[in-house]
Amino acid sequence: MKFVKALLSLLVLLLFVGGAALGGGWLWFQNEITKAGPSTQEHVFVVEPGETLSSVAVRLEQEGIVSDDRLIRLKARLDGTELAIKTGEFILEPQASIASVMDVLIEGKSVLHKITLPEGRTTAQLLKIIEADPILTGAMPETEVPEGSLLPDTYLFQRGTTRMQLVERVQKAQSAVLEELWAGRAEDLPVASPEDAVILASIVEKETGVSGERAKIAGLFVTRLKRGMRLESDPTIIYGISKGEPLYNKRGQRRTLYRSEIDRKTDWNTYQIDGLPKTPICNPGREAIAAVLNPDETGHIFFVADGKGGHLFAKTLAEHNRNVAAYRKYEREEIQRERAGE
């Protein structure tokens, strides 16, 4: 074994000195870097930021992916690719040759991880998701991330991406979407700026999780604003009380709003203030922003939950009162069905 290692070292030295002129040695070298490697299984291999080729080569041998790290270093020296390997996480196939391993580390696509930031969450809630991700690295931003400045979506990222880089990317995505949608907005909207559009979209986002309703609810709120009516949105009350966190009673159960909370004036309570709240109340998705900038013109000014995940809409108070009565009846029937099933 020592003799084989010594011979290999000599051949490597001769290749460094003589290059391609040593025909037999060159053919041997080409065979060594293109033959199947020793690994019998797929490997996930990570190249850390700032890691040198020598360090990578040593680890490849230690993990049983290549037979001799010196061949990798020699190939890189001859190819001029010593500084060409990428940072990232790569999939290396079973029995990958040295040449194919180098191709993957230089030209291949690294493994992508994903993180999902749901619509309708506050900035604090989304930042907690980012902070808890086990693949992202580094600290969270030290400066305050404004409410409504993040675009909810699913994002793909490479290992080594920092939390600050992801936050910046999500903010840039929101800015890009807002710029695109603002340019194609409808005329005569009661929103004076893209920032106002995000505020109204955040209310629409919190009011419904049904995609097909967003444009209807946006149209309803736009109509109310045009008529000088208050928005009277319950989620704006909750944001003024708890910054969007659910409200609980003393038994730890989620509860509805108290009359005193509806009557309490805050910078967000749209039962008590005219126009839009001071800031967004969550981070709206692309659909909610698009709905606000191109709302349905239905003439509806009232809506109430239908008990099935959607809403009942009305143009008049009388019609609205009938819808409320229908919802109350539905609630009573549901309670009776639950009791009958106990």
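All values derive from a computational prediction rather than experimental measurement. (Residues numbered from 1 in each chain as written. Predicted model: local features only at pLDDT ≥ 70, side-chain atom pairs only at ≥ 80, totals over all residues. Heavy atoms only, no water.)

(A) Focus on the pairing of strand β3 (residues 112-117). Burial along β3 is one-sided: His113, Ile115 and Leu117 are buried, while Leu112, Lys114 and Thr116, pointing the other way, are not. Sheet topology places β3 next to strand β4 (residues 153-158); 6 bridges connect them, and they run antiparallel. When the bridges of β4 are listed, threonine 116 appears paired with threonine 154. (Buried < 20%, exposed > 50% of the residue type's maximum accessible area, 1.4 Å probe, protein only. Helix = DSSP H or I, 4+ residues; strand = E, 2+ residues; numbered from the N terminus. Pairing = 2+ DSSP bridges.)

(B) Up close: the pairing of strand β5 (residues 302-305). Bridge analysis of β5 against strand β6 (residues 311-314) gives 4 bridges, and the strand direction is antiparallel. Note that in β6 the partner of valine 304 across the bridge is leucine 312. Linkage of β5 to β6, two consecutive antiparallel strands, is achieved through a turn of 5 residues, within which glycine 307 is found at a positive phi near 85 degrees.

(C) Structural view of the nonpolar core. The biggest cluster of nonpolar side chains holds 48 residues, and the ones touching the most others in it are Ile115, Ile130, Leu200 and Phe221. At the level of secondary structure, the elements contributing two or more residues to this core comprise β3, α6 (123-132), β4, α7 (163-183), α8 (194-207), α9 (214-226) and α12 (286-293). Sequence-distant contacts of isoleucine 130, defined by excluding residues within four places in its chain, comprise Ile115, Leu117, Leu136, Met140, Arg163, Leu166 and Val167. Counting 23 residues, the second largest nonpolar core, distinct from the first, contains Val47, Leu71, Met102 and Leu105. (Core = buried A, V, L, I, M, F, W, Y, C linked by side-chain atoms within 4.5 Å. Contact = heavy atoms within 4.5 Å.)

(D) Seen up close, the pattern of salt bridges. All told, the structure shown has 16 salt bridges when counted by the stated rule. Between arginine 77 and glutamate 82 there is a salt bridge, and its shortest N-O distance comes to 3.2 Å. Of the charged contacts, one joins aspartate 267 and lysine 278 as a salt bridge, the two residues approaching to 3.8 Å between their closest N and O atoms. Linking aspartate 267 in the loop between α11 (259-263) and α12 with lysine 278 in the loop between α11 and α12, this pair joins segments that are 11 residues apart in sequence. Residue lysine 278 is classed as exposed on the basis of its relative accessible area, which comes to 56%. A cluster of three or more residues bridged by salt bridges with shared partners is formed by Glu51, Arg59 and Glu63. (Salt bridge = Lys/Arg side-chain N within 4 Å of Asp/Glu carboxyl O.)

(E) Spatial organisation of the side chain of asparagine 269. Among the structural elements, asparagine 269 can be located in the loop between α11 and α12. The buried category is assigned to asparagine 269, whose relative accessible area is 1%. Here the side chain of asparagine 269 touches isoleucine 262 through a polar contact of 3.0 Å, landing on its backbone oxygen. At 2.9 Å, the side chain of asparagine 269 and the backbone nitrogen of tyrosine 271 are in polar contact. In contact with asparagine 269, other than residues within four places in its own chain, are Thr236, Ile237, Glu261, Ile262 and Arg264. (Polar contact = N/O pair within 3.5 Å; in protein donor to acceptor, adjacent residues only side chain to side chain.)

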